[in-house]
Protein chains: 2
Amino acid sequence: MKKTPHKVILTEDQMPQRWFNLRAAMPEQPDPMLRPDTLQPVTEADLAPIFCEELARQELDAEHEFTDIPEPVLEIYKMYRPAPLIRAYDLERALGTPARIYFKYEGNNTSGSHKLNSAVPQAYYAKQQGLAGVTTETGAGQWGTALSVACAYFDLSCQVYMVKCSYEQKPFRKAMMNVFGAGVTPSPSMTTEAGRKILAEDPNTTGSLGCAISEAVEAAAASQGGKRYVLGSVLNQVLLHQSIIGLESKLALEQLGEYPDIVVGCAGGGSNLGGLIAPFMADKLRGVKAPRIVAVEPASCPSLTRGRYAYDFCDTGRVTPLARMYTLGSGFVPAPNHAGGLRYHGMSPILSKLYHDGYMEAVSYEQSRVFEAAVFFAKHETILPAPESAHAIRGAMDEALRCKETGEEKVILFGLTGTGFFDMTAYESYLSGRMTDYVPTDADLQKGFDSLPDIPQNRGL
Amino acid sequence: MKKTPHKVILTEDQMPQRWFNLRAAMPEQPDPMLRPDTLQPVTEADLAPIFCEELARQELDAEHEFTDIPEPVLEIYKMYRPAPLIRAYDLERALGTPARIYFKYEGNNTSGSHKLNSAVPQAYYAKQQGLAGVTTETGAGQWGTALSVACAYFDLSCQVYMVKCSYEQKPFRKAMMNVFGAGVTPSPSMTTEAGRKILAEDPNTTGSLGCAISEAVEAAAASQGGKRYVLGSVLNQVLLHQSIIGLESKLALEQLGEYPDIVVGCAGGGSNLGGLIAPFMADKLRGVKAPRIVAVEPASCPSLTRGRYAYDFCDTGRVTPLARMYTLGSGFVPAPNHAGGLRYHGMSPILSKLYHDGYMEAVSYEQSRVFEAAVFFAKHETILPAPESAHAIRGAMDEALRCKETGEEKVILFGLTGTGFFDMTAYESYLSGRMTDYVPTDADLQKGFDSLPDIPQNRGL
């Protein structure tokens, strides 16, 4: 007989009322973002024309350990949260592992992923500030969908620049955003200077997140103050909002008397990983506990495992501040055969710093091995995972298989960030044997590194 | 401040351990199913070649009020259940109604709908009996997906005949079933006698559920006992399994000190409606409470509001037993512009009897009004509903608007059966103004009625 339930869903009363700021627990801070013109650290005033005021404050706040979640944000969170923490009993049986595998499932909302956790406060703060709307970019479409849902609720206009190859491969993502009233433009487009410039250089480009960011930032700037740019990953503010994933996971595990030996998350820009690990990493930094923290990234876009820890632009059009992070260079464009998200050239500066300082491990997988894990998981746990999330599944399964070899009853927690409902083309490609893998050569990567800004801060890194 | 939470999710311990058999509470039983050859009531022995033994027993059981849910079925239920009961606070505000609107949301599982509740036990009983697999039909794809998920878990083969127009409009549904290992054949097909016959008569037919049922039944029969046919709606056994929806809803409302004045459900074959209303209808039949029970159906397939209460085949190929139900005739084929499910020619015999005896009301809506409600709901409640579920939303919204006129603070409960993730083509059609409505003329309906079997039991009905 089972001793523990299949899942723990906290009550609304138990849902955390504050976000946790991982930076406040870091012994050393990430290097500051720099203005590209002066190479001086950015200030809230520098960020104000692009970001909402409160979000600019959160972006630079390294002091406050907690930030109260505003009441209207809690109201929406309670529509779909707390999210379940699920024990993967049948997966354990199928693997024959003595490990206990738990996953935090963030796919039970219409946006289909954890992205809604940050979309809601970002839309709220924009509304609060009296703005007319927001602009953003989206890759696989998860963030754009989440922001559309949040903006519809707050009656805020929403303009999404969607990476062109995703726009074409996933017409239903566009339709979904349209249902919620958002406008969707394939990027690069002729509607912005950044887009026109990139198209002039390469008319056949399939687009990149970096490029879509440039367009969205430009569109916000062109609104003369009526709109602001919002971003679904990488930023410190996003990790703050996503800390709700980790806080809930920790509380739910405590109810079961468990603490993870290994925490595994997929890593693109770092929004899910940073949120999931936040309270566990804090325990580690403070020497309270010593969980292993594992980032899983695609071999085709290996910013942590093969990137440089350098100052880089967050976008391809080179209009954003410079952030010191693990990066493949803002000129890096992932192979078009790459399915799903996790295709950003950089990585959250917070996570980059923690990885650089040895608090976190990173592994990468080719996509066919990731889809193999996704299908195996689906059959045993009845949930069809997003390709992004399946990276974490692959990582967790391999850790569990190692436990099978050693006989260790480790507790593994991984983040299941979303559903694969909008990724059926990729699943079909995998099932039919048409899916191909791509691992960039050192020469491929060098092209990206050549796009790194040639500034004093990058010399000798 | 809110007095009640946004939602109630029962704990696994609180989840009902028994299904409730609505027939046991009915003062008069539905007329029995008849063998088409002898016109005598079917027996368990008659059903055994088609249905699993335990399901044949459940189909004919009018006595036992409760049936224990087998432990392995509870194990899977607990992966995604209990399902949330959600208070539609923002919808209420947007409508300006004094009514309190609750909905039971069944879309938080990978099959995307309530259909999994019956797919799991049906797959379990098949496995239990030592069968190699099951065959079935699917219209919009919800049932086929649910059965694929359940069969993958129990390692059972699964062959799905999918209505051809859905197969073509929804390629991702097919891909999803393939992920879970099911085979999917567009119906009518050349693989069965029933399919070949229908194609010979009309090579361009877009198919119908009735026709897909004929093919699935034939394929099961052709397996020489290795497989059985399973059905996702209409049958008494399906309503039994789906009673978990109503039982959980009632428990959750009790926690809030609420009882519904009006229960609204969408009605195709009756699986969701029958499950949702079961305990409330029982209260009504026993004179304990007097809720209004409202079935909402599409104007394009109006079996309750415009059908005949007659004996009819459950399929187009006329191979199944005869059931007395509200029906448009097994020869009725819904217009191809009809989006989503709810396109079955008949209606659950249990619900038909209750409707006939005046315990239940029925309304119908054209699909553009249904999609209008769907989009409105999505923007306010952040959930993208399936077109089927949106019929119930439309019905509940109209009841709430009547409360606004009268000032009555009624409690409205409706069933939100699933997500619209796989219906983006229909949403796009609605948003772009290309969606058309269709209401069959009396002459259109007459063609369907002409297909009713000419048997003594149907004379004078």
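Residues numbered from 1 in each chain as written. Chains lettered and ligands numbered in written order. Predicted model: local features only at pLDDT ≥ 70, side-chain atom pairs only at ≥ 80, totals over all residues. Heavy atoms only, no water.

## Here we look at the sheet that holds strand 14 (residues 361-365) of chain A
Residue and element names in this part refer to chain A. Spatially, 7 strands are ordered 1-4-5-15-10-11-14 in an open sheet, and the strand pairing comes out mixed. Either end of the sheet is taken by a strand with one partner, and the two such strands are strand 1 (7-8) and strand 14. Inspection of the sheet shows strand 4 (residues 85-87) paired to strand 5 (residues 100-105) by 3 bridges, in the antiparallel sense. Among the inter-strand pairings, R87 is bridged to a residue of strand 5, identified as Y102. Helix 12 (residues 271-285) contacts strand 10 (262-266), strand 11 (292-298) and strand 15 (411-416) of the sheet and is inclined by roughly 155 degrees relative to strand 10. On top of the sheet, helix 15 (residues 367-381) reaches strand 4, strand 5, strand 14 and strand 15; it is set at about 95 degrees to strand 14, its chief contact. (Pairing = 2+ DSSP bridges. Helix = DSSP H or I, 4+ residues; strand = E, 2+ residues; numbered from the N terminus. Contact = heavy atoms within 4.5 Å. Axes fitted to C-alpha atoms, helices over the stretch in contact; angles between N-to-C directions.)

## Observations regarding the interface of chain A and chain B
Taken residue by residue, the interface counts 45 residues in chain A and 45 residues in chain B. Of the roughly 4200 Å² buried where chain A meets chain B, counting both sides, 64% is carbon and sulfur surface. Inspection of the chain A/chain B interface yields 2 salt bridges. The salt bridge involving K7 of chain B is made with E12 of chain A; its shortest N-O contact spans 3.1 Å. Elements supplying a minimum of two residues to the side of chain A that touches chain B: helix 3 (71-80), helix 4 (89-95), helix 6 (142-154), helix 8 (171-179), helix 15 and helix 17 (424-431) of chain A. Ranked by residues supplied to the side of chain A that touches chain B, first place goes to helix 8 of chain A with 6 residues. When its residues are assigned to classes, the side of chain A that touches chain B shows 25 nonpolar, 9 polar and 11 charged. (Buried area = accessible area lost by both parts, 1.4 Å probe. Salt bridge = Lys/Arg side-chain N within 4 Å of Asp/Glu carboxyl O. Nonpolar A, V, L, I, M, F, W, Y, C, P; charged D, E, K, R; others polar.)

## Some remarks on the pattern of salt bridges
Enumeration over the complete set of coordinates arrives at 54 salt bridges over all chains. Note that K104 of chain A is salt-bridged to E248 of chain A, the shortest N-O span being 2.7 Å. Within this pair, whereas K104 of chain A is found in strand 5, its partner E248 of chain A is found in helix 11 (residues 236-255), the two being separated by 144 residues in sequence. Judged by its relative accessible area of 0%, E248 of chain A is buried. A salt bridge links R87 of chain B to E92 of chain B; its shortest N-O distance comes to 2.7 Å. The pair formed by R87 of chain B and E92 of chain B is uniform in burial state, with each residue classed as buried. One network of salt bridges, with partners in common, ties together R81, K104, E106 and E248 of chain A. (Buried < 20%, exposed > 50% of the residue type's maximum accessible area, 1.4 Å probe, protein only.)

## Concerning the domain arrangement of chain A
Residue and element names in this part refer to chain A. Taken domain by domain, chain A comprises domain 1 (7-15 + 69-112 + 235-454) and domain 2 (27-65 + 115-229). Between the C-alpha centres of domain 1 and domain 2 there is a distance of 21 Å. Facing 54 residues of domain 1, the contacting portion of domain 2 comprises 49 residues. Both faces considered, domain 1 and domain 2 share a buried interface measuring about 4500 Å² in area, 62% of it formed by carbon and sulfur atoms. The largest per-residue losses of area from domain 1 upon contact with domain 2 belong to S111, Q237 and F422, which jointly make up 15% of the total buried on that side. On inspection of domain 1 and its partner domain 2, the count reaches 4 salt bridges. R286 is the partner of E65 in a salt bridge, and the nearest nitrogen-oxygen pair spans 2.9 Å. Those elements that place two or more of their residues in the side of domain 1 that touches domain 2 are helix 3, helix 11, helix 12, strand 12 (308-313), strand 13 (322-327) and helix 14 (349-356). (Domains from an automatic or database assignment.)

## Here's the deal with unusual backbone geometry
Residues R81 of chain A and P82 of chain A are joined by a peptide bond in cis, for which omega reads -15 degrees. With respect to the helices and strands, the residue P82 of chain A is situated in the loop between helix 3 and strand 4. P188 of chain A follows S187 of chain A through a cis peptide bond whose omega is 5 degrees. For P188 of chain A, the position within the fold is in the loop between strand 8 (183-187) and helix 9 (193-201). Residue R318 of chain A is not a glycine yet carries a positive backbone phi of 60 degrees. The residue L39 of chain B is not glycine, and still its phi comes out positive at about 60 degrees. Accessibility expressed as a relative area gives 19% for L39 of chain B, which makes it buried.

## Some remarks on the relation of the copies chain A and chain B
Each copy of the sequence occupies a distinct position, and chain A is placed on chain B by a rotation of 180 degrees and an axial shift of 0.0 Å, giving an RMSD of 0.0 Å. Such a combination of turn and shift is consistent with a two-fold rotation axis. Taking C-alpha positions as reference, the residue of chain A nearest the rotation axis is N108 of chain A, located at 2.8 Å. An overlap of 100% is found between the interface residues of chain A and their copies at the interface of chain B, pointing to a shared contact surface. (Least-squares fit on C-alpha atoms with pLDDT ≥ 70 in both.)

## Here's the deal with the sheet that holds strand 9 (residues 227-229) of chain A
Residues and elements named next belong to chain A. Sheet architecture is open: 4 strands sit in the order 8-7-6-9, paired in parallel fashion. This sheet does not close on itself; its edge strands, each paired only once, are strand 8 and strand 9. Ignoring which end each strand starts from, the neighbouring axes of this sheet average 20 degrees apart. Pairing analysis gives 6 bridges linking strand 6 (residues 133-138) to strand 7 (residues 157-163), with the strands arranged parallel. The residue of strand 7 that forms the bridge with G133 is S157. Against the sheet, helix 10 (residues 209-222) touches strand 6, strand 7, strand 8 and strand 9, its axis set at about 170 degrees to strand 6.

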